[in-house]
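# Structure assessment
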Amino acid sequence: MLKFAETIKNAQLRLAMLALFVMMMIIVFDVTMRYAFSSPIHGAYDVVEVSLLVFVFHGLSACFLARQNIVIDLIDNLVPERVTHILVRLSDLITIGILALMIWAMFEPASQAFQYGDKKLELGLKLWILWSVAMAGLAGTLFCAFGALAKPVVTSHGGERM
Amino acid sequence: MSNQWIGACGVLALFVLLFLRVPVWAALMLVGVIGNTIVGGWSSSFAILGTTGFDTGSAYTLSVIPLFILMGDVASSTRLSADLFNAARVLLSGIRGGLSIAAIGAAACFGAVCGSSVATAATMTKIALPEMRKAGYDDGLATGSIAAGGSLGILIPPSIILVIYAAIAEQSVPKLFAAALIPGLVLTGIYIVVALIVAHLKPDYAPTVANVTWKERLDALRQPWQFLLLFIVTIGGIYAGVFSPTEAAAIGAFGAILLGLLGRRLTLSQMIKAIEGTVITSALLFVIIIGATLFAYFIVQTQLPVLLSSFAQSMQLNALTVMMIIVIAYVIIGCFLEGIGMVLITVPVFLPLVVKFGYDPIWFSIIVVIVVELGLIHPPVGMNLFVIQAQAPDVKLTAIYRGIIPFLIAPFLLIALLLIFPELALWLPKKLYG
């Protein structure tokens, strides 16, 4: 499972990196075209929003698999290491629960976007496609959060435990 | 139980969850979802949860965050900070405490293209600390100067914290960047004065470095031209109204990459690493922003700030006292929370109260950033102090603590100045944007 989670994370990370690069380049071209030729790129605004969406939802899996989310670890110095391990595991479960809830909650607005045929203003891109991209990103993140369960817990004590 | 008390319980529950090591984003989201369910019902809460992630993750205005982070990450990989420090070191040679001033000045300049305090402190430690130790500087003064200078990265524009504040407080990013410039320069000045006083009082802490000729000084001025170019194009572009913040960030990131590649200071693998680092840092921030948006919605629904405001009025507190209490609260919270979490959790609660007492939200943004900065450098948990120690493990943490103490006066002095002269923060945005 961990190996498969790593594969998903790598694929999503590359996609997010590409999205960031596209986001940067489209803005640079748009600004250049606007100031040099008075001809801004049509749809640049939408491309930035779409790239950001891909970037955010597919960039999360790397953080979740590596448990890189920001935590306040003051308690590590106050309780035995075993308790810290239990708390980390509980946080893993809370993370999985919230991610699953988020995906579930996104089904309704996504299906509404499909039903009503909502589109991006400039590119005319169907919004349900973007909802699907975001949900796929979160699904990969959820899988990586499950993958984190298979990884040992490393605390600020320096201890490592499965 | 009234909605306002539900809000207060929500804030308490949030702190309990954070203390129990629940990740910041998850704690914010959990309290936000449960709180919204209690106040507005499950269907409403579920609908908000479904749309918040998508709306936040595709908001054009927030694209500025990864692009500025990328600019900073690339700048960190391209020895830009080394150029800045070397130029300042040569210019200030012959002055007692000159290397401390050089470290603070270079950190302030580097912060102007980096936007992250921790990254600035880490980079400057690598560059400035060996030089200062070689020159016989006291470890405390050397690390104190670097930690203090590093903290300027989040005040001097572009500042990621200000972008996040703008998103949560519905303020204009260019106005906030304009408001931060003068306080950032004033704080740099105060840090430099503190370093000079320490060097004057304890001459053995800062031996004088041999003087150089004026020709060498002039030559040194040419070194950081890449920094000047990036700063003028990005921040100058925003102030002049040529670029939006997002455009400036993209141009800045692209410019940093181009300068690095053309000058052979950046390899392709370093560039890929910088992009990867940016993805991870930004994703961490975005998931917190999504959680904070849900939490802020809950706080707005409960009208908790109204409860705080009525309490302050019933105690007959004046505006200054309320601000002092808020600053003290921030200093205490800064002992436990990291900067961005602190801003996202506290701004929805404090901002309506502050506005009710007649303070300007743009002015308040600068106060918030200063107290976050303070949180980065005050013992025992200042992040910059740990970053420096991680980069220089042979320097004792107690020496770092001792060294930072004189510098802690500077943020408080700046807050006092901003209370007496609010125009320090408000003049430039008014001048530029009316």
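Here's a quick rundown of the structure.

### Points about the overall build of chain A
A tally of helices and strands in chain A yields four helices and two strands. Each helix and strand of chain A, placed in order from N terminus to C terminus, yields the pattern α-α-α-α-β-β. Taking 2.2 N^0.38 as the reference for a compact globule, 162 residues should give roughly 15 Å; the C-alpha atoms of chain A span a radius of gyration of 20 Å, well beyond that estimate. With respect to the principal axes defined by its C-alpha atoms, chain A has extents near 65 × 40 × 30 Å. When burial is assessed residue by residue, chain A has 48% of its 162 residues classed as buried. Within chain A, counting contacts between residues at least 6 apart in sequence, those at least 24 apart form 76% of the total. For chain A, the accessible area works out to roughly 7,800 Å², and carbon and sulfur atoms hold 66% of it. Across chain A, the centroid of the 12 positively charged side chains sits 7 Å from that of the 12 negatively charged ones.

### Things to note about the packing of helix H10 (residues 173-201) of chain B against helix H18 (residues 361-377) of chain B
All names here are of chain B. Taken N-terminus to C-terminus, the directions of H10 and H18 make an angle of 45°; their axes are 9 Å apart at the nearest point. It follows from the interaxial angle that H10 and H18 lie oblique. The interaxial crossing formed by H10 with H18 has right-handed handedness. Together, Lys-175, Leu-176, Ala-179, Ala-180, Pro-183, Leu-187 and Tyr-191 of H10 and Ile-362, Ser-365, Ile-366, Glu-373 and Ile-377 of H18 make up the contact between the two elements. Residues that form the contact of H10 with H18 fall into these classes: nine nonpolar, one polar and two charged.

### Side note on unusual backbone geometry
Backbone phi values are negative for most residues with the exception of glycine, while trans is the configuration of most peptide bonds. Here Pro-157 of chain B and Pro-158 of chain B are connected by a cis peptide whose omega angle stands at 0°. Tracing the chain through its elements places Pro-158 of chain B in the loop between helix H8 (139-151) and helix H9 (160-169). Unlike most non-glycine residues, Ser-38 of chain A shows phi in positive territory, near 50°. The topology assignment puts Ser-38 of chain A in the loop between helix H1 (2-37) and helix H2 (44-65). In this structure, Gln-303 of chain B is a non-glycine residue whose phi angle is positive, near 55°. Take Gln-303 of chain B: it is sitting in the loop between helix H14 (268-302) and helix H15 (304-314). Taking the relative accessible area as the measure of exposure, Gln-303 of chain B reaches 45% and is therefore partly exposed.

### Some words on the environment of Leu-424 of chain B
Topologically, Leu-424 of chain B is positioned in helix H22 (residues 423-433). A C-alpha to C-alpha distance of 39 Å links Leu-424 of chain B and Arg-21 of chain B, two positions 403 residues apart in sequence.

### Quick look at the interface of chain B and chain A
Across the boundary between the two partners, chain B contributes 53 residues, which contact 55 residues of chain A. Surface buried jointly by chain B and chain A totals about 5,000 Å² across both partners, of which 83% is contributed by carbon and sulfur atoms. Three residues, Arg-21, Phe-54 and Tyr-60 of chain B, lead the burial of chain B against chain A; their summed loss comes to 17% of the area buried on that side. Taken together, the connections running from chain B to chain A amount to two salt bridges. When the shortest N-O distance is used, the salt bridge between Asp-76 of chain A and Arg-21 of chain B registers 2.7 Å. At the junction of chain B with chain A, the criterion picks out six residue pairs in polar contact (both at pLDDT 80 or more).

### Concerning the side chain of Thr-302 of chain B
Relative to the helices and strands, Thr-302 of chain B resides in helix H14. Residues in contact with Thr-302 of chain B, not counting those within four places in the same chain, are Asn-3, Gln-4, Gly-7 and Val-39 of chain B.

### Comments concerning a nonpolar patch on the surface
A grouping of Leu-78 of chain A together with Leu-12, Val-16, Phe-19 and Leu-20 of chain B is seen on the molecular surface, where their side chains present a nonpolar patch of about 480 Å² in accessible area. The residue Val-16 of chain B is located in helix H1 (residues 3-19) in this model.

### Some words on the pattern of salt bridges
With the rule as written, the count across this model stands at 13 salt bridges over all chains. Its salt-bridge partner being Glu-6 of chain A, residue Lys-9 of chain A comes within 3.5 Å of it at the nearest N-O pair. With Lys-9 of chain A and Glu-6 of chain A both in helix H1 and three residues apart, this pair spans about one turn of that helix. A residue is classified by how much of its surface remains accessible, and Lys-9 of chain A, at 17% relative accessible area, is buried. When the shortest N-O distance is used, the salt bridge between Arg-222 of chain B and Asp-219 of chain B registers 3.1 Å. Of this pair, Arg-222 of chain B and Asp-219 of chain B both sit in helix H11 (residues 214-222), three residues apart, roughly one helical turn.

Rules of the game
- Residues numbered from 1 in each chain as written.
- Chains lettered and ligands numbered in written order.
- Predicted model: local features only at pLDDT ≥ 70, side-chain atom pairs only at ≥ 80, totals over all residues.
- Heavy atoms only, no water.
- Helix = DSSP H or I, 4+ residues; strand = E, 2+ residues; numbered from the N terminus.
- Rg over C-alpha atoms; globule rule 2.2 N^0.38 Å.
- Buried < 20%, exposed > 50% of the residue type's maximum accessible area, 1.4 Å probe, protein only.
- Contact = heavy atoms within 4.5 Å.
- Areas by Shrake-Rupley, 256 points an atom, 1.4 Å probe, with all protein chains shown as cover.
- Lys, Arg positive; Asp, Glu negative; His and termini not counted.
- Charge placed at Lys NZ, Arg CZ, Asp CG, Glu CD.
- Axes fitted to C-alpha atoms, helices over the stretch in contact; angles between N-to-C directions.
- Parallel < 35°, antiparallel > 145°, perpendicular 65-115°, else oblique.
- Left-handed = near helix turned anticlockwise from the far one by under 90°.
- Nonpolar A, V, L, I, M, F, W, Y, C, P; charged D, E, K, R; others polar.
- Buried area = accessible area lost by both parts, 1.4 Å probe.
- Salt bridge = Lys/Arg side-chain N within 4 Å of Asp/Glu carboxyl O.
- Polar contact = N/O pair within 3.5 Å; in protein donor to acceptor, adjacent residues only side chain to side chain.
- Patch = residues over 30% accessible without salt bridge, like charges linked within 9 Å, V, L, I, M, F, W, Y side chains within 5 Å.

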